Amino acid sequence: MKSKIILTGLVLLLTVSLLSSLSGCTKKTTTTQSTVTQSTTTTTTTNANAPVYGGTLTCMTDWGNTDPAGFDADLSPAVWSTAVWDAPFLSWLLGGDIDTYGPQGTNAFAFQSAEYIPPQYLGGNDLVTSWSVTMNPIVITLNLRTGVTWAANSTIGMQARPFTSADVVYSLTRGFAAPIVGGTYSFVTSVTAPDANTVNINCNTFNANWAYYIGYGYMPGMITCPESGNSTAGAGGEDWRNQSSDGPFIISNYVSGSSVTYTSNPNYWGKSTINGTSYKLPFISTLVYPIISDDSSLVAAIETGKVDWNPSQPLSDSAELKTGNSSLIQDNYLTGNAEALKLNRLDNQYLQNESVRRALMMATDLNTINNLTWPGSTEPGFPIAQGNPAYTSISQLPTSTQQLFTYNATAAKQAITAAGYPNGFSLAITIQSTSTTDTDVAQLLVSEWANVGVTLTINSIDATAKQTLDNSRKFDCIMESFSCNNPIVPLSQVEAVAGVVNLDVYSASENFETMYNKMVLDTDAATLTADEKALGLAILDDCGFIPFGDQVGLNVYQPWIKNYYNETDTGYHNRVPMEAELWIAPH
Amino acid sequence: MSVTAKEPKKRSKLAELVRRMITEQPLGTVGAIITLLLLFTGIFARWLAPYGMNDPHPLYALQGPSLKFWLGTDNIGRDLLSRLIYGARISMIVGLIASLLSVVISVILGILSAYVGGAFDLIIQRFVDAVLSIPSLLLLMVVISLIGTGMWQVIFCLGISNGIGGSRMIRSLVIGIKSNLYVQAAVSVGAPTWKILVQHILPNIMAPIIIIFSMTVPSVILAEAGLSFLGFGIPPPAPSWGGMLSGSARTYMFKDPWMAIWPGLALAIVVYGVNMFGDALRDLLDPRLRGGAGRYGTILKRRISKVITKENPTE
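It should be emphasised that the depicted structure is a prediction, and the values quoted were computed from it without experimental measurement.

Trainee: Got a minute to help me understand the overall build of chain A in this structure?
Mentor: From N to C terminus, chain A includes 18 helices and 22 strands. Counting across all 587 residues of chain A, residues that qualify as buried make up 51%. At a minimum sequence separation of 6, the contacts of chain A that also span at least 24 residues come to 72%.

Here's what the structure looks like:
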């Protein structure tokens, strides 16, 4: 009898807990179809009148899920992430001028799209104050900031000393010779220093993307570092203890798997004028870049205030964060990252036909795919992101290109029949097996293309195998990710020139090569923008790629962060200029 | 008036098995019903599913259960009930064919190894040892990454890997049988080896073979689900239950738990049911392999004996 009572009790308990858990799951969710435009802010910015010195800011970097690969900005095997870990203590040559052109200034540029700053918005608290370009001979002249000091470091026996052009020559020369750069700097012949505050970069040809490659991209050399730390016996610059500083912070500790800590640099030259008063930067006394490997821990850390700011929170966490901590400030922004379905227009017998490619794009319901997989954006992100001056919105595209973005299965079917395939044909789409969004897109395409008689099979493989197929052009269509803020980079990936990437589906004999070659020689910003725009339009109209939406990012921060205006990027994932200017309100 | 005594009606072996299953193995009967339901759903999926397995309904994405979509929809608006029903077909095909392949391999390897013996047996058994020493999931993932994903690749890999492992049991059974007098008699009259294997040994291990088959089916269904979950199984858009648990279901697990609940529940019920059915078959067909104290029949017998002891304490 006793056992029966216990058993009945257990069954009841189990039933109640199951029902309660299920009732919590019945909340219906609807798909969001809101459109995000550049610099859309969902909350008001948080500012306080009087700056506060001191406090600790804990901020996630975009590579905060793993340890730094090293601290030598030139020789690290992952220079792109080392650049970000080093940015608090080693200033960059160039960066965005957030005070003048950002939301707190003229608001001409939101500084939210990762990686690229149009040339007209460069020049903030960075080492280069101005530059000029001469064409005969081709020389890029950088004028350096004066009054910058390297901090002393007793570990390597380094005394405090002024920053000079010799430091820049050392770093650029060393960076250009780094194994990782490949042929990127083939346009540079030498780097010289005519005086202590000037650097000349002598080139054999002009490269319109020079500022990105040399000043604020992710390549070696753009972060200036003193020779003394790198030449120290042992790990040299790879060891954080051997690093000096000319930035707003000094690196003070690194605990593997936990965090990198920086303390404010008392000799930092940066200043900020607030309400007519000039303040010495930085305001915070300690900056912590945590290392958090999994998303759920990160969500918990932000909800509980252990992390103050994460500009790159996964968008899917938004609802959970709202529920977990309603005082958190969330801001959606366009990242400038986009995916596109690359059609093999050289090797596939069906896709060689332009009218077939156009029909397939019309048979793709881009609005539905964007809403379901990348909610928030209805405009294509590829090949040029919306934040860039060279971007053309769908409504301003030529009619022949515009109709590609309108889902029309009937017209697509007719076009495929007219192309000589009344019974349709079969294609395979190659995706990376770990990408859930790619899998969803592929599954939607299977259904949509079946309506026009095209049988699509999904080839879901690991990243290495996918790259091999991509490089050897052994695919029909393949999902690719692009960072489209800097138009020249994705355009160079599209175009088969002797440039950065030469693995794509365009032959070197195309008109695109002529257009690309002209574009990269543009010295004038307006001409460059016009040429980028023209090439972007030509690529869209040719339909070698089916572009999907500009992806929306989520910037999350605590309400006690003040003097911050939702900027997320002043160069290649660089947030240090904002970190130096914000302060922590008492809480 | 003469009265002729009626002879008791003779039941067929199958009917007798069914009768015993129902009377002696109630849990096994439930398992059998679940197994039959799986087969029925798999065979008639096309007619049972209210929508196509890959038909997206974008306006209804991430919906909970409703009259229109009984089990709700996934993140791209596909009906979860339809995908579950078609998923049953995949589980059924993979479960049955891979188990059949596995049993065939087990029987061939096991019989030959035990009957031929000597160096041949030694080599085969060391090979089996080597295969068994490698974690099966790891081995399957490596092989599938080499030959590519797909339903037939999964069936092939699961069939072979389970077959090699299962041959150990067949071998031990054959070793026991081959020393019987009737086998030695057949050898002494000069019967060819194949005839001895097919006519004298195979029929005597049929019951264990059926049991091995019934026990392999749920493990194969689970293994397929595991491989699909890890991205090494049936590629999308096929609605494998394991695949449905993976991918976007993980992303939307908290937002739309139905995406994970239904395939998980289906998998658990089917594996449990087929396992119970297999257990019951084992108890009925081969009493020597009967289960232990947890078995329903054993508990029943123990209760009956307790009652008898209470009623007749002197006994």
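Trainee: Honestly, the sheet that holds strand 15 (residues 337-343) of chain A in this entry has me stumped. Any pointers?
Mentor: Residues and elements named next belong to chain A. The sheet built from five strands is open, its strands ordered 17-16-18-15-19 with mixed pairing. Looking at the sheet topology across the chains shown, the edges are occupied by strand 17 (454-461) and strand 19 (545-547). Between one strand axis and the next, the sheet turns by 30° as a mean value, whatever way the strands run. Bridging between strand 15 and strand 18 (residues 477-483) involves seven bridges; their strand directions are antiparallel. Bridging across to strand 18, Asn-337 finds its partner in Ser-483. Contacting strand 16 (425-432), strand 17 and strand 18, helix 13 (residues 436-450) crosses the sheet at an angle of about 165° to strand 17.

Trainee: Looking at this structure, how should I read the confidence of the model for chain B?
Mentor: Close inspection of predicted coordinates is inappropriate in any region flagged by low pLDDT. Averaged over every residue, the pLDDT of chain B is 88; residues scoring 70 or more account for 90%. Reported confidence for the predicted complex is 0.73 by ipTM and 0.76 by pTM.

Trainee: Sorry, what's going on with the nonpolar core here?
Mentor: Across soluble globular proteins, nonpolar side chains have a tendency to be buried as a group. Core analysis: the largest hydrophobic core is formed by 124 residues, its most contacted members being Ala-340, Ala-359, Leu-360 and Ile-429 of chain A together with Val-154 and Ile-221 of chain B. Looking at this core element by element, the count peaks at 13 residues for helix 4 (residues 80-116) of chain B. Contact partners of Ile-429 of chain A, with chain neighbours within four places excluded, come to Ala-442, Leu-445, Leu-456, Ile-458, Asn-459 and Cys-477 of chain A.

Trainee: Honestly, helix 5 (residues 118-133) of chain B in this entry has me stumped. Any pointers?
Mentor: Think of an α-helix as turning once every 3.6 residues; residues three or four places apart then point the same way. Relative to the 22 Å expected for 16 residues at 1.5 Å per residue, helix 5 of chain B spans 22 Å between its end C-alpha atoms, a close match to the ideal helical length. Little of helix 5 of chain B is tucked away, with zero of its 16 residues classed as buried.

Trainee: How do you make sense of the interface of chain B and chain A when you look at a structure like this?
Mentor: By convention, interface size is frequently given as the accessible area that disappears when the constituent parts associate. Taken residue by residue, the interface counts 23 residues in chain B and 23 residues in chain A. When the residues that make up the side of chain B that touches chain A are grouped by side-chain class, the tally is 11 nonpolar, nine polar and three charged.

Trainee: Teacher, can you tell me more about the sheet that holds strand 12 (residues 286-290) of chain A here?
Mentor: Consider a sheet: its strands pair through backbone hydrogen bonds, and that pairing is either parallel or antiparallel. Residues and elements named next belong to chain A. Ordered by their spatial adjacency, four strands build an open sheet running 1-12-9-8, and the pairing between neighbours is mixed. At either margin of the open sheet sits one strand with a lone partner, and together these are strand 1 (56-58) and strand 8 (249-255). In this sheet, adjacent strand axes meet at a mean angle of 20° when their direction is disregarded. Direction of pairing for strand 9 (residues 259-264) relative to strand 12: antiparallel, over a ladder of five bridges. Bridge pairing in strand 12 links Thr-263 to Thr-286.

Trainee: Quick question: what am I supposed to make of the environment of Ser-305 of chain B here?
Mentor: Position of Ser-305 of chain B relative to the elements: it lies in helix 14 (residues 296-311). Between the C-alpha atom of Ser-305 of chain B and that of Ala-186 of chain B, which follows or precedes it by 119 residues, the distance is 46 Å.

Trainee: Please explain the pairing of strand 8 of chain A as it appears in this structure.
Mentor: Consecutive side chains along a regular strand alternate between the two faces of the sheet. Residues and elements named next belong to chain A. In this sheet, strand 9 lies alongside strand 8 in antiparallel orientation, the contact comprising six bridges. Within strand 9, the position partnered with Phe-249 by the bridge is Ser-264. Linking strand 8 back to strand 9 in an antiparallel pair, the connection comprises three residues, with Gly-257 at a positive phi of about 75°.

Trainee: Explain the domain arrangement of chain A to me, please; I cannot follow it from the model alone.
Mentor: Residues and elements named next belong to chain A. When its domains are assigned, chain A resolves into domain 1 (56-331 + 554-584) and domain 2 (337-547). One C-alpha centre belongs to domain 1, the other to domain 2; they are set 33 Å apart. At the junction of the two partners, domain 1 supplies 16 residues and domain 2 supplies 16 residues. Here the residues of the side of domain 1 that touches domain 2 are counted per class, giving 10 nonpolar, five polar and one charged.

Trainee: What am I meant to see in the packing of helix 10 (residues 366-373) of chain A against helix 13 of chain A here?
Mentor: A pair of packed helices is characterised by two quantities: the angle between their axes and the separation of those axes. All names here are of chain A. Two elements in contact, helix 10 and helix 13, have axes whose closest approach is 10 Å; the angle formed by their N-to-C orientations is 150°. Here helix 13 runs roughly antiparallel to helix 10, going by the angle between their axes. Here helix 10 runs over helix 13; the crossing is right-handed. Taken together, the residues of helix 13 that come into contact with helix 10 (itself represented by Ile-369, Leu-372 and Thr-373) are Thr-437, Asp-440, Val-441 and Leu-444. Of the residues assigned to the contact of helix 10 with helix 13, the class counts are four nonpolar, two polar and one charged.

Trainee: I'm lost on the environment of Ser-231 of chain A in this one. Help?
Mentor: Residue and element names in this part refer to chain A. Within the secondary structure, Ser-231 is located in the loop between helix 6 (227-230) and strand 8. Of the residues examined, Ser-231 has 11 C-beta atoms within 10 Å and is grouped as exposed. Remark: the alpha-carbon pair of Ser-231 and Ile-156, spanning 75 residues in sequence, is separated by 9.4 Å.

Procedures and definitions
Residues numbered from 1 in each chain as written. Chains lettered and ligands numbered in written order. Predicted model: local features only at pLDDT ≥ 70, side-chain atom pairs only at ≥ 80, totals over all residues. Helix = DSSP H or I, 4+ residues; strand = E, 2+ residues; numbered from the N terminus. Buried ≥ 20, exposed ≤ 12 C-beta atoms within 10 Å, placed from the backbone. Contact = placed C-beta atoms within 7 Å. Pairing = 2+ DSSP bridges. Axes fitted to C-alpha atoms, helices over the stretch in contact; angles between N-to-C directions. pLDDT = per-residue confidence, 0-100. Core = buried A, V, L, I, M, F, W, Y, C linked by C-beta atoms within 7 Å. Expected span 1.5 Å × (residues − 1). Nonpolar A, V, L, I, M, F, W, Y, C, P; charged D, E, K, R; others polar. Domains from an automatic or database assignment. Parallel < 35°, antiparallel > 145°, perpendicular 65-115°, else oblique. Left-handed = near helix turned anticlockwise from the far one by under 90°.

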